[in-house]
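Okay, here's what each chain looks like letter by letter:
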Amino acid sequence: GDKGKGKGKKGFKGKGKKGKGKGDEKEWMPVTKLGRLVKEGKIATIEDIYLHSLPIKEYQIVDTFFPPTGGVLKDEVMKIHPVQKLTSAGQTN
């Protein structure tokens, strides 16, 4: 008989949260409590978040403190260094 394998969420097509494009123009609706506090202006700087070791789970929180058009944040590659791993058989590259 059928033991329930292969059934379930095969035809699941729900509304995924990962959708870029049209969603970026809309106003940000915070999901987390931290996001709501940042949007209301209760948290003034990103240092306040790090002071309490709070996880930042929404990219809009960082965008609030560092606007993407402001050019405050930048990426920079300092050094790419190969690492040797130690396995049970010895060193491999």
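All values reported here derive from a predicted model rather than from experimental measurement. (Residues numbered from 1 in each chain as written. Predicted model: local features only at pLDDT ≥ 70, side-chain atom pairs only at ≥ 80, totals over all residues. Heavy atoms only, no water.)

A. Expanded view of the overall build of the protein chain. A count of helical and extended segments in the protein chain gives three helices and two strands. Counted from the first residue to the last, the protein chain has its helices and strands arranged as α-α-α-β-β. Within the span of the protein chain, comprising 93 residues, buried residues form 13% of the whole. The contacts of the protein chain with a sequence gap of at least 6 include a subset with a gap of at least 24, amounting to 30%. As presented, the protein chain carries roughly 9200 Å² of accessible surface, and 56% of it is formed by carbon and sulfur atoms. (Helix = DSSP H or I, 4+ residues; strand = E, 2+ residues; numbered from the N terminus. Buried < 20%, exposed > 50% of the residue type's maximum accessible area, 1.4 Å probe, protein only. Contact = heavy atoms within 4.5 Å. Areas by Shrake-Rupley, 256 points an atom, 1.4 Å probe, with all protein chains shown as cover.)

B. A look at helix α1 (residues 33-40). Among the residues of α1, those classed as buried are L34, G35 and V38. Projected onto a plane normal to the axis of α1, the buried residues spread over an arc of 100 degrees and lie on a single side. Exposed residues lying more than 90 degrees from the buried face of α1 are K33 and E40. Next to the buried residues of α1 lie α2 (46-51) and α3 (59-65). (Arc of directions from axis to C-beta.)

C. Looking closely at the pattern of salt bridges. Counted under the stated rule, the structure contains three salt bridges. Here E40 and K42 are joined by a salt bridge, their closest N and O atoms 3.3 Å apart. Classification of E40 as exposed rests on a relative accessible area of 52%. (Salt bridge = Lys/Arg side-chain N within 4 Å of Asp/Glu carboxyl O.)

D. Structural context of unusual backbone geometry. Even without a glycine there, the phi angle at S53 is positive, about 55 degrees. What makes S53 exposed here is its relative accessible area of 63%.

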